[in-house]
Amino acid sequence: MSVQVSYSKQFSLGIIFILLIVFSLEGIARVYDIWSPSGCILLKSDIYKSLEFENKRDVCDDFRQLEFGDWPFYQMLPDQHYETININSHGFRGPDFSSIKQENTYRIFVIGGSTTFGTGTTSDSTTIPGYLQEKFDNEQFPKKIEVINAGISGLFSGTEVALIREQILEFDPDLLIIYDGWNDIAKKYDNYNDGVDNSKNQFASKERDTFYEFGELLFDFSVIAKIIYTNLDSLPMSFAGPAVYYFEGTEINEKADIWSKRWIEICELGKSKDFDVVITLQPILGSSERTLSQFETHQFEWKENERRLPALEIYSQKLNEINDHCSGTADLRNIFDGFNQPLYLDSVHLGDFGNKIISEKMYESILPAMKSKMD
């Protein structure tokens, strides 16, 4: 005698069977992920050939564990400590520092997005601000030089201005170094004014559509999704995971005007509050005359950097105008001319060696402003 199972029960059993398979595969993937972290483009990059696999895994895992807060504005949560990344009590990467500037101290803040923060670098000291601090430590100055890494992933000029006004001014800075470019040219024009007048509500507004939100959810909770995503070269991918900014290339001239106006206002504010401001325009993959590695060539094509370079050029044309109001400017787009070894982790983030080169040029760019305050 046969027993007929209803369609609803068959459907329920089928769903249960599929879920069991998915959970089993996810469990296997999580075990595999311990030994070969998924979603970590650093493992594909060729800049750290001599670095042990465990160290590469630490760099990726530490970045993925970082926690951020949205109130009163977008920032890294303070007091986070991992193998390769330390976030101090003020929410900045690197060693702690006193809220009140000590006597005979010259305080520098380096401000920018993930490239300033040092996404993909092997330690706090191998970021651009870290190397800059090392440079000052090895030189003789009449004051103690204190370099603070105020880079936060995703910041652009609007949110950087908000960070300066809302937090950094409280620490009595002597010099602000701005390291801009990639995030500004990629930011959608409709959202480009976020982070200034309504900074507390829109501090780190990112373009998020339904596809992105769903992808981020999968990326956060499913290792299988990370493995698939990492190996689909047709999808936008960076060290940090699914790309947030999709380059459109529209209204670049209008955005460059806003960019210039923002930093001129901060420079004028600096004059009234006795701090200097130096604006630097960052390099991206393809902006320097050099031979790209096979991995870098793929990244250049994958992220359509050829379309981004003219946009960066328009921003560079604003530097002379900015320089009339600020303590200095530096166009770093061609800084890697002739450096033919691999430098980039993806289409914009640099490894340790690239950061060191940037820090040396940055040091040269800020010395004139510093000397006027040292005498």
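A short tour of the structure in this document, coming up.

Some details on the sheet that holds strand β6 (residues 144-151)
By definition, the strands of a sheet pair up through backbone hydrogen bonds, in either a parallel or an antiparallel sense.
Then, in step 1: Ordered in space as β6-β5-β7-β10-β11, the 5 strands form an open sheet in which the pairing is parallel. One side of each edge strand has no neighbouring strand; the edge strands of this open sheet are β6 and β11 (328-331). Recorded for the sheet is a direction-independent mean angle of 15 degrees between the axes of neighbouring strands.
Then, in step 2: Two elements, strand β5 (residues 105-112) and β6, share 8 bridges in a ladder whose sense is parallel. When the sheet's bridge partners are listed, arginine 107 is paired in β6 with glutamate 146.
Then, in step 3: In this fold helix α5 (residues 157-166) packs onto β5, β6 and β7 (175-180), with an angle of close to 160 degrees to the strand it touches most, β7.

Some points on the packing of α5 against helix α9 (residues 252-273)
Then, in step 1: Where α5 meets α9, the closest approach of the two axes is 10 Å, and the angle between their N-to-C directions is 15 degrees. Relative to α9, the element α5 is oriented roughly parallel. α5 and α9 meet at a crossing whose hand is left-handed. Residue-level inspection shows Ser157, Gly158, Glu160, Val161, Ile164 and Arg165 of α5 in contact with α9, the latter providing Trp259, Arg262, Trp263, Glu265, Ile266 and Leu269.
Then, in step 2: When the residues that make up the contact of α5 with α9 are grouped by side-chain class, the tally is 6 nonpolar, 2 polar and 4 charged.

Remarks on the pattern of salt bridges
Oppositely charged side chains can pair when the atoms bearing their charge come close.
Then, in step 1: A full pass over the atoms with the stated rule returns 13 salt bridges.
Then, in step 2: One salt bridge connects lysine 318 with glutamate 321, and the closest N-O pair in it is separated by 3.9 Å.
Then, in step 3: Note on lysine 318: relative accessible area 16%, which makes it buried.
Then, in step 4: With a shortest N-O distance of 2.8 Å, aspartate 331 and arginine 333 are connected by a salt bridge.
Then, in step 5: Look at arginine 333 and you get buried, because its relative accessible area is 13%.
Then, in step 6: It is possible to trace a salt-bridge network through shared partners that takes in Lys101, Asp172 and Asp174.

Calculation notes
- Residues numbered from 1 in each chain as written.
- Predicted model: local features only at pLDDT ≥ 70, side-chain atom pairs only at ≥ 80, totals over all residues.
- Heavy atoms only, no water.
- Pairing = 2+ DSSP bridges.
- Helix = DSSP H or I, 4+ residues; strand = E, 2+ residues; numbered from the N terminus.
- Axes fitted to C-alpha atoms, helices over the stretch in contact; angles between N-to-C directions.
- Contact = heavy atoms within 4.5 Å.
- Parallel < 35°, antiparallel > 145°, perpendicular 65-115°, else oblique.
- Left-handed = near helix turned anticlockwise from the far one by under 90°.
- Nonpolar A, V, L, I, M, F, W, Y, C, P; charged D, E, K, R; others polar.
- Salt bridge = Lys/Arg side-chain N within 4 Å of Asp/Glu carboxyl O.
- Buried < 20%, exposed > 50% of the residue type's maximum accessible area, 1.4 Å probe, protein only.

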